[in-house]
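Survey of secondary and tertiary structure
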Amino acid sequence: MALKGVKVIEMMGLAPGPLCGTILADFGAAVTVIQKIDSIANMMDVMTNGKKILKINLKTKEGVQVLTKMCSSSDVLIDTYRPGVMEKLGLGPESVSRINPKLIFARLSGYGQKGYYKHKGGHDINYVAMSGLLSLFKKNNEPPFIPVNLVADFAGGSLMCVLGILMALLERSNSGKGQVVDCSMTEGAAYLGTWVYKSRKLPIWQGEPGTNLLDGGAPFYGTYRTKDNKFMAVGAIEPHFYSNLLQGLNLTEDDLPDGNNERKEKFQEVFLRKTQEEWSNIFEKLDACVTPVLEMDAVDTHECNKSRESFYKDSDNFIVPEPAPKLSATPGHSSGKRAQPKGDEDAIEILQGLGYKNNEIDDLINKGIVKADKKAKL
C-alpha cells in the first residue's frame, strides 16, 4: 500500500479530522486516534475502523508525556484542536520539531492558525459562507440552501489536509525535514472553487444565482421528478447530448415553448409520465447525460457502481464507498472493512511499543492517565 510504514497520530475531533485519518489509513498508514477519556465525542466517531485508539488524560503531566513519546516516533500529527491548544500542552510545532524534526504537523481548523478569526468557532455552513461559495447555492431570491457538510468539512478540510500531508511527505523525502500544514477549511473550500472564481467572467455566470447554465437556470441541466416520486439528473449541455435528450423524451424542438422556465415546465411534465426505472432504461440506450438520482441505500446495486465494485457493505450492513482513486500498483483497502476497536484493548500494546515497562503502564492506568482494558495482559 502506498502509505505503508507511515505512522499517524490523529487528535480526536469532529468529522473532518477522522476522515482525514481514514483516507491515510485506507492507503496503508498506521493511524492512532488520541481520544479524551470518557468524552461523548468518542461515541460519535464512526470512522475508527482500521485505527488504534488511545484514551489519554491530557490535563495531566504524565498524559502529555505519553503523547510526547508518540510524537517522537511518528511521521504525521493531525491537529484538530483550535489554534493554541497544542501549544498550551507544550506540544506545538516548534516544541515537537525539537524532538522529531521529521514530524509533519497537519493543523486542520476552520479559519487557520493565523488571522482575525483564528479563535472563532464555526461549522461547515460558516466556513463555506466565508469562502464565498455559499452565495452560489441560491435561486429565486431565496436564502442559500445548505449543501450538507461536504464542501468545507470534507472537501476543503479533510481532502485538502490529506493533499498537504502527502506533499509534505514528498518534500521530506528530499529534505529530511517535516513542516506545518496549515489547513483552513474556509480557504480549502475557496480553493476548491477556483474554477468558479476564475470563470465568473464567462457568459455562463452572467445572471443572478439560480439562472445560469450550471446552477439550475438551464432546462437541460437540472433534476426532474419521476412518476414514482424519484428523480432523474439531466446534464445535456452539448448539442448532441441535447438532441438525444429530446429523442429520449419523445420531443422535438417544435414541441417546446420559448424561454428556459417554460421549457423546464415542459420537461417536468414529461418526466412525470414514467418511473425512474422506465426513464433509466430509455436513457441507458442514449448518450444524453441523463442518469437516475441514486439513493444512498441502493447506490451499490446500479450496474455502473456494481461493475467497478465502488461500494461495499460494512459489518453493520451500511453501504460505504471504496477508497478512491484506484491505484494500479498500490491500491487502497478500506479501513472500514477492518475491525472497529472495542473498548480500550489497544492501550497496553501502544504503551509497550513506546517503551513503557509493565509496572509503569499499570501505574498510568491506575492513576487514570490512560484508559485500558483491564483484561489485557501486561
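Residues numbered from 1 in each chain as written. Predicted model: local features only at pLDDT ≥ 70, side-chain atom pairs only at ≥ 80, totals over all residues. Heavy atoms only, no water.

The name an unreviewed UniProt entry gives the protein chain is Alpha-methylacyl-CoA racemase, with Papilio machaon as the organism. We quote the UniProt Sequence similarities (unreviewed entry) comment for the protein chain here in full: "Belongs to the CoA-transferase III family." (UniProt positions renumbered as here; feature names shortened; annotations may be inferred.)

**A word on the sheet that holds strand β3 (residues 52-56)**
The 7 strands are arranged β6-β5-β4-β1-β2-β3-β12 in an open sheet whose pairing can be described as mixed. The two strands at the open ends of the sheet, each matched to only one other strand, are β6 (180-184) and β12 (370-371). Strand direction decides the pairing type here: strand β2 (residues 30-36) and β3, joined by 5 bridges, are parallel. Within β3, the residue paired with V33 across the bridge is I53. Sitting on the sheet, helix α8 (residues 185-192) is in contact with β5 (104-109) and β6, with an inclination near 75° to β6. (Pairing = 2+ DSSP bridges. Helix = DSSP H or I, 4+ residues; strand = E, 2+ residues; numbered from the N terminus. Contact = heavy atoms within 4.5 Å. Axes fitted to C-alpha atoms, helices over the stretch in contact; angles between N-to-C directions.)

**Here we look at the pattern of salt bridges**
In this structure the tally under the stated criterion is 11 salt bridges. K51 is the salt-bridge partner of E10, the closest N and O atoms lying 2.7 Å from each other. Within this pair, whereas E10 is found in strand β1 (residues 7-11), its partner K51 is found in the loop between α2 (40-44) and β3, the two being separated by 41 residues in sequence. K266 is the partner of E269 in a salt bridge, and the nearest nitrogen-oxygen pair spans 3.8 Å. Highlighted residues: E269 and K266, both in helix α11 (residues 260-271), separated by 3 residues, approximately one helical turn. (Salt bridge = Lys/Arg side-chain N within 4 Å of Asp/Glu carboxyl O.)

**What to know about the nonpolar core**
Counting 34 residues, the largest nonpolar core has V8, L24, V76 and I165 as the members making the most contacts within it. The set of elements that each furnish at least two residues to this core consists of α1 (16-26), β4 (76-79), β5, α6 (124-130), α7 (150-175), β6 and α8. Ignoring any residue separated from it by four or fewer positions in sequence, one finds V8 in contact with L24, A29, A30, V31, T32, V76 and I78. Formed by 30 residues, the second largest nonpolar core is a distinct cluster that contains L54, C71, L364 and V370. (Core = buried A, V, L, I, M, F, W, Y, C linked by side-chain atoms within 4.5 Å. Buried < 20%, exposed > 50% of the residue type's maximum accessible area, 1.4 Å probe, protein only.)

**Points about the side chain of S74**
Its location among the elements puts S74 in the loop between α3 (61-72) and β4. On the basis of relative accessible area, S74 is assigned to the buried category, the value being 9%. In this structure the side chain of S74 is engaged in a polar contact, spanning 2.7 Å, whose partner is the backbone oxygen of M70. Excluding residues within four positions of it along the chain, S74 makes contact with K7, I9, N100 and L103. (Polar contact = N/O pair within 3.5 Å; in protein donor to acceptor, adjacent residues only side chain to side chain.)

**Things to note about the layout of surface pockets**
In this structure, the largest pocket occupies an estimated 1300 Å³ of space. Lining the largest pocket we find 34 residues, and of these L19, M47, I319, V320 and P321 sit closest to its centre. Put simply, the parts of the chain that give the lining of the largest pocket at least two residues each are α1, α7, β10 (311-313) and β11 (319-321). With 4 residues, α1 is the largest single contributor of residues to the lining of the largest pocket. Split into classes, the residues belonging to the lining of the largest pocket amount to 20 nonpolar, 8 polar and 6 charged. (1 Å grid on protein atoms, 1.4 Å probe; cavity = no way out; pocket = protein on both sides within 12 Å on 5 of 7 lines; lining within 4 Å. Points joined across faces, edges and corners; volume = space filled by probe spheres on them. Nonpolar A, V, L, I, M, F, W, Y, C, P; charged D, E, K, R; others polar.)

**Side note on helix α14 (residues 346-353)**
Taken residue by residue, α14 has D346, A347, I348, I350 and L351 as its buried positions. Along its buried surface, α14 packs onto β2, β3, α3, α15 (358-366) and β12. At the C-terminal side of α14, G355 shows a positive phi close to 100°.

**Describing the packing of aromatic side chains**
Within the structure shown, the criterion is met by 10 aromatic pairs. Considering the side-chain rings of Y224 and F271, the 5.1 Å spacing of their centres and the 10° angle between planes classify their relative orientation as stacked. With Y224 in strand β7 (residues 221-225) and F271 in helix α11, the pair connects residues that are 47 residues apart, well separated along the chain. For Y224, a relative accessible area of 4% corresponds to the buried category. Note on F271: relative accessible area 0%, which makes it buried. Joined through ring pairs, the aromatic side chains of Y224, F267, F271, W279 and F283 make up one cluster. The ring of Y81 carries K36 above its face, with NZ or CZ at 5.9 Å from the centroid. Above the plane of the ring of Y117 lies K120, whose end atom (NZ or CZ) is 5.3 Å from the centre. (Phe/Tyr/Trp six-rings, centres within 6.5 Å; stacked < 30°, edge-to-face > 60°. Lys NZ or Arg CZ within 6 Å of the ring centre and 35° of its normal.)

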